[in-house]
Amino acid sequence: MTNDFSRGKVWQNIISQSIPLILAQLVQLLYNVVDRIYIGHLPGADSMALTGIGLSFPLTTLIAAFTCLFGTGGTPLFSIARGAGEERRAEKILGNTFSLLLGSSLMMFIFCYMFRRPILYLFGAGDASYAYADAYLRIYLFGTAFTMLSTGLNGFINAQGFPRTGMMTTLIGAALNLILDPVFIFGMEMGVAGAALATVLSQLVSCIWVLCFLTGKKVRLRIRRENLRVEGKLVREITALGMAGFIMQGTNCLVQIVCNITLKRYGGDLYVGIMTVINSVREILSLPVSGLTSGSQPVLGYNYGARRYDRVCQGIRFTAFLGIGYTCLAWLAVITCPRLLLSIFTEDAAMLEAGTAALKLYFFGFFFMAFQFSGQSAFTALGCSRRAIFFSLLRKAVIVAPLTLLLPGMGLGVDGVFWAEPISNCIGGLACFITMYLTLYRKLKRGTAESSQSSDA
């Protein structure tokens, strides 16, 4: 069974892809968020345990960056080839992506495990916070291959019209994680190490699920041994298109490092822990718009490959309007109940008091994030890799990181770190969306008009 995204209403195709994907991403988010919730409520740990987890974020984000490089690079190419009826090419893309994910995961594990101590201290760890960060990472890193394969290959399940199966990839693993977390953390008194072990075992189960499905008979396009040998041309195409996601995650890693170092300098370990909680809230609130734009990519890519430019334009409009509406509601939620959102992750009075003001600053003008998501998604889905890469770099590397370093020294202190994000959302988001509209959307509209005139003739 394969789905033809050139039929039916575009918005219905996007929603049918997005809802299971959002649920899947929500469940995926539980892997880490539930860990943070339990860790934030560890008896006697105060805010230091969350600070330690926050210090490990850059390394876990770096792993996610390589997952995006090959996973989000291969999936749009796969969708375009499938829409154009080039099934053999699509299967080669799938096989090459698998090999790239597996090879890079082994290299990432060796590098991160061997050098985790100097890296964590470079990221701003102290002796107390390092103990928590190391206890988590030295176990978590053993699941690198599992998380990269399950996350990076799951898009190929969705792209073939099996969003519910894609949702089950993370649902099974997250359900197991929810069960194992309290058993290992509290029941076996493993603390932070127990959270990491629960995550690794859950990722292993998710990985097995994905590989069994993509090598089974239910899908038309599957992983085959003859396609595992990497081809230089395909690798270049995959990495070129996935470079946007890689840079976005890579610059997230850079920003996390800069934030941790700057917060450690101006506010101490407490504010590193606060940023850990704020990042967790951001991940939760940005998830629906991220899932919506990710779900739209197979639909946009398929219709682009089938030369249905009118439907591509409809899809871009729908995702943009719905994304902006949702992010406005999310911003309202932060304004009205910031303390409630923070209390999910911590009971520490000092963290709640200082974090309330920081959360409001960080989420100011949150709806601008939707412009970045929708513009970036359109560029990626249609193979415009250079523009996607540019705007990934612009928002994080060119705007956020420098502002994070500059604003605190201009009299704003720790508030300057939290102001950097909304400023970048506004400038970077609008620049990305306006460029997409002028250079891509209007070109598609002209292509639609020309096709209509040819049909009339």
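Residues numbered from 1 in each chain as written. Predicted model: local features only at pLDDT ≥ 70, side-chain atom pairs only at ≥ 80, totals over all residues. Heavy atoms only, no water.

Caption draft 1: Representation of unusual backbone geometry within the structure. You will see that Arg307, though not glycine, has its phi angle at about 60 degrees, which is positive. The exposed category is assigned to Arg307, whose relative accessible area is 62%. (Buried < 20%, exposed > 50% of the residue type's maximum accessible area, 1.4 Å probe, protein only.)

Caption draft 2: Region of the structure containing the confidence of the model for the chain. Confidence along the chain averages 85 in pLDDT terms, with 95% of residues attaining 70 or more. Of all secondary-structure elements in the chain, the lowest mean pLDDT belongs to helix H1 (residues 10-40), at 76, while helix H11 (residues 309-336) reaches the highest, 92. (pLDDT = per-residue confidence, 0-100. Helix = DSSP H or I, 4+ residues; strand = E, 2+ residues; numbered from the N terminus.)

Caption draft 3: Highlighting the pattern of salt bridges. Applying the stated rule across the entire model yields 13 salt bridges. The partner of Glu231 in a salt bridge is Lys92, with the nearest N and O atoms 3.5 Å apart. Taken together, the residues span a long stretch of sequence, with Glu231 in the loop between helix H8 (192-214) and helix H9 (232-266) and Lys92 in helix H3 (residues 87-114) at a distance of 139 residues. You can call Glu231 partly exposed: its relative accessible area is 33%. The partner of Asp134 in a salt bridge is Arg116, and the shortest N-O contact between them spans 2.6 Å. Of this pair, Asp134 sits in helix H5 (residues 127-140) while Arg116 sits in helix H4 (residues 116-122), and the two are 18 residues apart along the sequence. For the pair Asp134 and Arg116, a shared accessibility class is recorded, and that class is buried. Among the charged side chains, a network of salt bridges with common partners joins Glu86, Arg89, Lys233 and Glu237. (Salt bridge = Lys/Arg side-chain N within 4 Å of Asp/Glu carboxyl O.)

Caption draft 4: Looking closely at the environment of Leu322. One can find Leu322 in helix H11. In this structure Leu322 comes out as partly exposed when scored by relative accessible area, which is 39%. It is 32 Å that separates the C-alpha atoms of Leu322 and Leu352, two residues lying 30 residues apart in sequence. Those residues in contact with Leu322 that lie beyond four places of it in its chain are Ile15 and Leu292. (Contact = heavy atoms within 4.5 Å.)

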